[in-house]
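# Geometric and topological summary
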Amino acid sequence: IMGMLYRSVISSSRGEGLGNFRLSYRRALTGLALTLGVTAGLVGTAPEVRALEAVQLTYGELESEPISLQDLEEFAFSGIPSEDIQLVLDILRIDEELAQDLLNREIPIDFQSIREASDTLIGGIFWRVVGSAISLTDTTGQAWEYLQTALLDAAADDRITMLEVLQNLDVGLMIIDTQRL
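Figured I'd write up the structure that's included with this text. On a predicted model such as this, the values are computed, not experimentally measured, just so you know. (Residues numbered from 1 in each chain as written. Predicted model: local features only at pLDDT ≥ 70, side-chain atom pairs only at ≥ 80, totals over all residues. Heavy atoms only, no water.)

### Describing helix α5 (residues 96–104)
Rules: Three exposure classes are used, based on accessible area relative to the maximum for each residue type with a 1.4 Å probe and protein chains only: buried under 20%, partly exposed in between, and exposed over 50%. Helix numbering and strand numbering both begin at the N terminus, where a helix is a DSSP run of H or I of at least 4 residues and a strand a DSSP run of E of at least 2. Note that the arc is defined by the directions from the helix axis to the C-beta atoms. Identification of polar contacts relies on pairs of N or O atoms within 3.5 Å, with a donor-acceptor requirement for protein atoms, meaning one able to donate a hydrogen and the other able to accept it, and with residues adjacent in sequence counted only if both atoms are side-chain atoms.
Of all the positions in α5, only A99, Q100, L102 and L103 are classed as buried. With its buried residues spanning 160° around the axis, α5 presents them on a single face. Near the N-terminus of α5, the side chain that reaches the backbone nitrogen of E97, with its oxygen 3.1 Å away, is that of D95.

This is the structure we're talking about:
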């Protein structure tokens, strides 16, 4: 699944390998949402003060153990997964290097375009669909609102990483229903 998502989100400008990346606007939004949902359990770093404590993946009635943000940070930095992360990588058959690359890769993004697209009817529907597969604890609003804010905050410098998006989530636990996603 991860390899398919990775290839569908990032396309080479010349169709070769993983050279010079070019993201189409639609593919970037769709791919970012899918990648966020599927890899969120595998990624994350946080600033000095953080609200996101852990990420948990579910598939119907099956649940993974919540993966602490500290474990995610260490994996993102060192590439050495904790036991919980290794279990998820093994079950999903995801290569450690690919997972680390996905969470650390900087994706150029036009902040103004993303903000404007988010404010359209289609953008609102997109965020609600993505948010419907994610539950957040310690929140009073809708999951999609927190995800949208986290992405826009991360994109303020016209680039994002998965780590930055998670870093900007102001929640205790993020639960991702991978079956629904």
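### Some words on the pairing of strand β3 (residues 54–59)
Selection criterion: A pair of strands is treated as paired once DSSP finds two or more bridges between them.
The element β3 is largely enclosed, with a buried count of 5 among its 6 residues. For β3 and strand β9 (residues 173–177), the ladder comprises 5 bridges, and the chain directions are parallel. Along β9, the bridge assignment pairs T58 with D177. Strand direction decides the pairing type here: β3 and strand β4 (residues 62–63), joined by 2 bridges, are antiparallel. Paired with T58 across the strands is E63, a residue of β4. In textbook terms, the turn of a hairpin is the stretch between consecutive antiparallel strands, and for β3 and β4 this stretch comprises 2 residues, one of which, G60, has a positive phi near 65°.

### Observations regarding the environment of A76
Summarising the element assignment, A76 is placed in helix α3 (residues 69–78). Residue class for A76 comes out buried when judged on its relative accessible area of 4%. Sequence spacing of A76 and N104 is 28 residues, and the spatial spacing of their C-alpha atoms is 6.9 Å.

### Remarks on the pattern of salt bridges
In plain terms, the rule: We define a salt bridge as a side-chain nitrogen of Lys or Arg found within 4 Å of a carboxyl oxygen belonging to Asp or Glu.
Within this structure, the stated rule accounts for 5 salt bridges. With its nearest N and O atoms 3.4 Å apart, the salt bridge here joins E106 to R159. In this pair, E106 is assigned in the loop between α5 and β6 (107–108) and R159 in strand β8 (residues 159–160), connecting sequence segments 53 residues apart. Residue classification places R159 among the partly exposed residues on the basis of a relative accessible area of 26%. For D157, the salt bridge identified is with R159, shortest N-O distance 3.3 Å. On the basis of relative accessible area, D157 is assigned to the partly exposed category, the value being 40%. If you follow the salt bridges from partner to partner, you end up with E106, D157, R159 and E164 in one network.

### Some details on the nonpolar core
Soluble globular proteins: nonpolar side chains tend toward being buried together. To keep it simple, the criterion reads: As used in this record, nonpolar core signifies buried Ala, Val, Leu, Ile, Met, Phe, Trp, Tyr and Cys residues forming a set joined through side-chain atoms within 4.5 Å. Note on contacts: a residue pair qualifies if any of its non-hydrogen atoms lie within 4.5 Å across the two residues.
Counting residues in hydrophobic clusters, the biggest one holds 40 residues, and the most contacted among them are L52, I134, L136, L147, I160, L169 and M174. Per-element accounting of this core gives the leading share, 8 residues, to helix α8 (residues 143–154). Non-local contacts of L52, meaning those with residues more than four positions away in its chain, are made with L69, L166, L169, V171, G172 and M174.

### Points about the environment of D95
Note on placement: D95 falls in the loop between α4 (83–92) and α5. By relative accessible area, which is 46% here, D95 ends up partly exposed. Within the structure, D95 has its side chain in polar contact with the backbone nitrogen of L98 (distance 3.2 Å).

### Things to note about the pairing of β9
Pairing analysis gives 3 bridges linking strand β7 (residues 134–136) to β9, with the strands arranged antiparallel. Looking at the pairing, S135 lines up with I175 of β9.

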